[in-house]
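Coordinates in review
What follows is the residue order along each chain.
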Amino acid sequence: MRPQRILNAQGCRGPAFRSMPAILDHTEHRPWPLPFGPWIMAQSWHDLLLAHWPVDAAMLRSHIPAHLEIDTFEGHAWLGIVPFSMTGVRLRWTLPVPGLSAFPELNVRTYVTAQDKPGVWFFSLDAASALAVAAARLSFHLPYFRARMRCSQADGWIQYESQRTHRGAPSAVLEARYRAVGEPFQAPRGSLAHFLIERYCLYSAASGRIYRGEIHHPPWQLQAAEAQLTRNSMAEAAGLTLPAEPPLLHFSLRQDMVAWAPYRIT
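In this report, the structure presented in the accompanying data block is examined. (Residues numbered from 1 in each chain as written. Predicted model: local features only at pLDDT ≥ 70, side-chain atom pairs only at ≥ 80, totals over all residues. Heavy atoms only, no water.)

Observations concerning the overall build of the protein chain
Scanning the protein chain from N- to C-terminus turns up 4 helices and 15 strands. Looking at the protein chain residue by residue over its 266 residues, the buried ones come to 53%. Considering only contacts within the protein chain whose residues lie at least 6 apart along the sequence, 70% involve residues at least 24 apart. For the protein chain, the accessible surface area stands at approximately 12500 Å², while carbon and sulfur atoms represent 56% of it. (Helix = DSSP H or I, 4+ residues; strand = E, 2+ residues; numbered from the N terminus. Buried < 20%, exposed > 50% of the residue type's maximum accessible area, 1.4 Å probe, protein only. Contact = heavy atoms within 4.5 Å. Areas by Shrake-Rupley, 256 points an atom, 1.4 Å probe, with all protein chains shown as cover.)

This is how it looks when you write it as structure tokens:
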């Protein structure tokens, strides 16, 4: 049976909220054990486009704290732009709040390692929820920005639009349409797709300190994707340049995740 789908205020659709404890029953795919202590936040991600470009690690170096090593695959660093929508955003022991727990999000990212734990480094995260932006900046030390965003689905394509509105932040725009092609698969260990997608922590920085935020989710269910990026200044807004070559594209229909409170590592 297909999960019930819901429509949020920005036009993004996703399966209805479901409880998270079941995803903690399967941990054999993780590169290290689950963190100690309870998770603090849950959310579900829907209709993700994972667009990645190979880049020179030297271009990224000045944008990433020295304590973090840039993670590479066969000599290349990778820059990702990931639009999607979220539902079921909630704290532990609470239920999603209508109007506050579902919204589009868009991130610009690369991949780093510290203390033998590979993770994600975000150059920016745009969201259509002022509350989520404020909370993530304060609690997770992440570079969130307010944006006017809209996504819709028609004829098998997802139309995605984002215009950053955060006061004092660099202008950033994404207009894209994308869709899945091909059958779902799980990325084999050692593959490029596994390197890019299967990450179980994120890193952030504040006041000269580095923080790690542990996360957990099932193995990603991926599909090949096609996309048309008609406007895209997301990397430029972060002071980065995308190569001229087309990106590597993946699509994922849904991913459920839980997150633990970030902790200082340096």
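Looking at unusual backbone geometry
Positive phi values are uncommon outside glycine, yet Glu74 reaches one of about 50°. Within the fold, Glu74 resides in the loop between β4 (69-70) and β5 (77-91). Even without being glycine, Asp155 reaches a positive phi, approximately 55°. Of note, Asp155 is situated in the loop between β8 (144-154) and β9 (157-164). Judged by relative accessible area, Asp155 falls into the exposed class, the value being 76%.

Remarks on the layout of surface pockets
For the largest pocket, the calculated volume is near 860 Å³. Lining the largest pocket we find 44 residues, and of these Met41, Gln43, Met86, Val89 and Tyr144 sit closest to its centre. Ranked by residues supplied to the lining of the largest pocket, first place goes to β5 with 6 residues. Its residues assigned to classes, the lining of the largest pocket shows 33 nonpolar, 7 polar and 4 charged. Space inside the second largest pocket adds up to approximately 180 Å³. As for the second largest pocket, its lining consists of His29, Pro31, Phe73, Pro118, Arg189, Gly190, Ser191, His194, Phe195, Glu198, Arg199 and Tyr200. Each residue belonging to the lining of the second largest pocket can be placed in one class, and the counts come to 5 nonpolar, 4 polar and 3 charged. (1 Å grid on protein atoms, 1.4 Å probe; cavity = no way out; pocket = protein on both sides within 12 Å on 5 of 7 lines; lining within 4 Å. Points joined across faces, edges and corners; volume = space filled by probe spheres on them. Nonpolar A, V, L, I, M, F, W, Y, C, P; charged D, E, K, R; others polar.)

Things to note about the side chain of His29
Here His29 lies in the loop between β2 (13-15) and β3 (41-55). Classification of His29 as buried rests on a relative accessible area of 12%. Excluding residues that lie within four positions of it along the chain, His29 makes contacts with Arg189, Tyr200, His216, His217, Pro218 and Pro219.

A short note on the pairing of β9
Strand direction decides the pairing type here: β8 and β9, joined by 8 bridges, are antiparallel. Along β9, the bridge assignment pairs Gln153 with Ile158. Linking β8 to β9, which pair antiparallel, is a turn of 2 residues; within it Asp155 sits at a positive phi near 55°. Relative to strand β10 (residues 173-185), β9 is paired through 6 bridges, and the arrangement is antiparallel. Each residue of the ladder has a partner; that of Gln159, found in β10, is Arg177. (Pairing = 2+ DSSP bridges.)

Points about the pattern of salt bridges
Inspection of every chain in the model, using the stated rule, returns 6 salt bridges. Measuring nitrogen to oxygen at the nearest pair gives 3.0 Å for the salt bridge that ties Arg199 to Asp71. With a gap of 128 residues between them, Arg199 in the loop between α3 (192-197) and β11 (201-206) and Asp71 in the loop between β4 and β5 connect regions that are remote in the sequence. Of the two residues examined, Arg199 and Asp71, each falls in the buried class. One salt bridge connects Arg179 with Glu226, and the closest N-O pair in it is separated by 2.4 Å. Within this pair, whereas Arg179 is found in strand β10, its partner Glu226 is found in strand β13 (residues 222-232), the two being separated by 47 residues in sequence. (Salt bridge = Lys/Arg side-chain N within 4 Å of Asp/Glu carboxyl O.)

With respect to the nonpolar core
Among the nonpolar cores identified, the biggest contains 39 residues, and Leu60, Ile64, Leu68, Phe123 and Tyr203 are the most heavily contacted of them. Excluding residues that lie within four positions of it along the chain, Leu60 makes contacts with Val55, Ile70, Ala77, Thr110, Phe123 and Leu240. By size, the runner-up hydrophobic cluster in this structure holds 33 residues, among which are Phe103, Leu125, Leu196 and Ile215. (Core = buried A, V, L, I, M, F, W, Y, C linked by side-chain atoms within 4.5 Å.)

Overview of the side chain of Ser233
Relative to the assigned elements, Ser233 resides in the loop between β13 and α4 (234-237). Here the side chain of Ser233 touches Val173 through a polar contact of 2.9 Å, landing on its backbone nitrogen. Apart from the residues within four sequence positions on either side, Ser233 is in contact with Ser171, Ala172 and Val173. (Polar contact = N/O pair within 3.5 Å; in protein donor to acceptor, adjacent residues only side chain to side chain.)

Observations regarding the packing of aromatic side chains
Per the counting criterion, the structure on display carries 5 aromatic pairs. Seen in terms of ring centroids, Tyr111 and Phe195 are 6.1 Å apart; in terms of plane orientation they differ by 65°. Their pairing is edge-to-face. Here Tyr111, found in strand β6 (residues 103-114), pairs with Phe195, found in helix α3; they are 84 residues apart in sequence, far enough to count as distant. Seen in terms of ring centroids, Tyr178 and Phe251 are 6.4 Å apart; in terms of plane orientation they differ by 50°. Their pairing is tilted. One end of the pair, Tyr178, is in strand β10; the other, Phe251, is in strand β14 (residues 248-259), and 73 residues separate them in sequence. These aromatic residues form a ring-pair network of at least three members: Trp45, Phe84 and Trp220. A cation over an aromatic ring shows up here: Arg92 above the ring of Trp39, its NZ or CZ 4.7 Å from the ring centre. Over the face of the ring belonging to Trp157 we find Arg177, whose NZ or CZ atom lies 4.0 Å from the ring centre. (Phe/Tyr/Trp six-rings, centres within 6.5 Å; stacked < 30°, edge-to-face > 60°. Lys NZ or Arg CZ within 6 Å of the ring centre and 35° of its normal.)

By themselves these figures say nothing about function.
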